[in-house]
Amino acid sequence: MKAINVVAAAVAGAALLVAAGPATEASADRYWSKKVKCEESDPEGRVIPTRYGNGDLGWSHFSGKHNIRKCRVVNAALAGKVDRKNGGRLGYYGVARNGRRMVKIVVIVQYARRTADGEYDAGKGQKIGVITAYCKGVTKCPDWVNA
């Protein structure tokens, strides 16, 4: 009787696999808006888009989570030299000032068609662009950064 149960379980498992069909790659279906919100060129001639994205990357990610709500904040950092480079991942650092107040801005860019984890694809001939932007040392940028 034990052998019958094992065989029946194996047949049932095989039937489930056949019914489910082949596994699909989830990363290819990941939704994000590729529409460009703003764009800036760095001194080396890279044209870097800031796409609307989604909750994981792009404008939709950092405008809420990190309170950067003006393109000029991101573009000011991108207009400077690359401060950190790791393959297609670029880091740009800037500073926002308001009187005596100052905060460092960090902008992370994926200058490649796909993200490093393969989750997102900008399309043929396109770059992912800005992944995130934030104020260093704080969870959210102060409101005056967007003034």
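Refer to the preceding data block for the structure.
Keep in mind that what you see is a predicted model, and the values were worked out from it rather than measured. (Residues numbered from 1 in each chain as written. Predicted model: local features only at pLDDT ≥ 70, side-chain atom pairs only at ≥ 80, totals over all residues. Heavy atoms only, no water.)

**Q** Would you explain the overall build of the protein in this entry?
**A** On a plain count of helices and strands, the protein comes out with three helices and six strands. The order of helices and strands in the protein, counted from the N terminus, is α-β-β-α-α-β-β-β-β. Out of the 147 residues belonging to the protein, those deemed buried represent 37%. Across the protein, contacts joining residues at least 24 apart in sequence account for 50% of those joining residues at least 6 apart. Total accessible area computed for the protein in this model is approximately 9,000 Å², and 55% of it derives from carbon and sulfur atoms. (Helix = DSSP H or I, 4+ residues; strand = E, 2+ residues; numbered from the N terminus. Buried < 20%, exposed > 50% of the residue type's maximum accessible area, 1.4 Å probe, protein only. Contact = heavy atoms within 4.5 Å. Areas by Shrake-Rupley, 256 points an atom, 1.4 Å probe, with all protein chains shown as cover.)

**Q** Before we go on, may I ask you to explain the sheet that holds strand β5 (residues 101-110) in this structure?
**A** Sheet strands line up and pair through hydrogen bonds in the backbone, either parallel or antiparallel. Pairing is antiparallel in the open sheet, where four strands are placed in the order β3-β4-β5-β6. The open sheet has two free edges, formed respectively by β3 (84-86) and β6 (129-135), since each of these has just one partner strand. Ignoring which end each strand starts from, the neighbouring axes of this sheet average 20° apart. Where strand β4 (residues 89-98) lies against β5, 10 bridges are found, and the strand directions are antiparallel. Within β5, the position partnered with L90 by the bridge is V109. (Pairing = 2+ DSSP bridges. Axes fitted to C-alpha atoms, helices over the stretch in contact; angles between N-to-C directions.)

**Q** Just to check I follow, could you spell out the nonpolar core for this structure?
**A** Side chains of a nonpolar character, in soluble globular proteins, are inclined to be buried together. Formed by 22 residues in total, the largest nonpolar core has its most connected members in Y92, I105, V107 and V145. Of all the secondary structure elements, the ones that give two or more residues to this core are α2 (59-65), α3 (71-78), β4, β5 and β6. Counting eight residues, the second-largest nonpolar core is a separate cluster that includes W32, Y120, A122 and I128. (Core = buried A, V, L, I, M, F, W, Y, C linked by side-chain atoms within 4.5 Å.)

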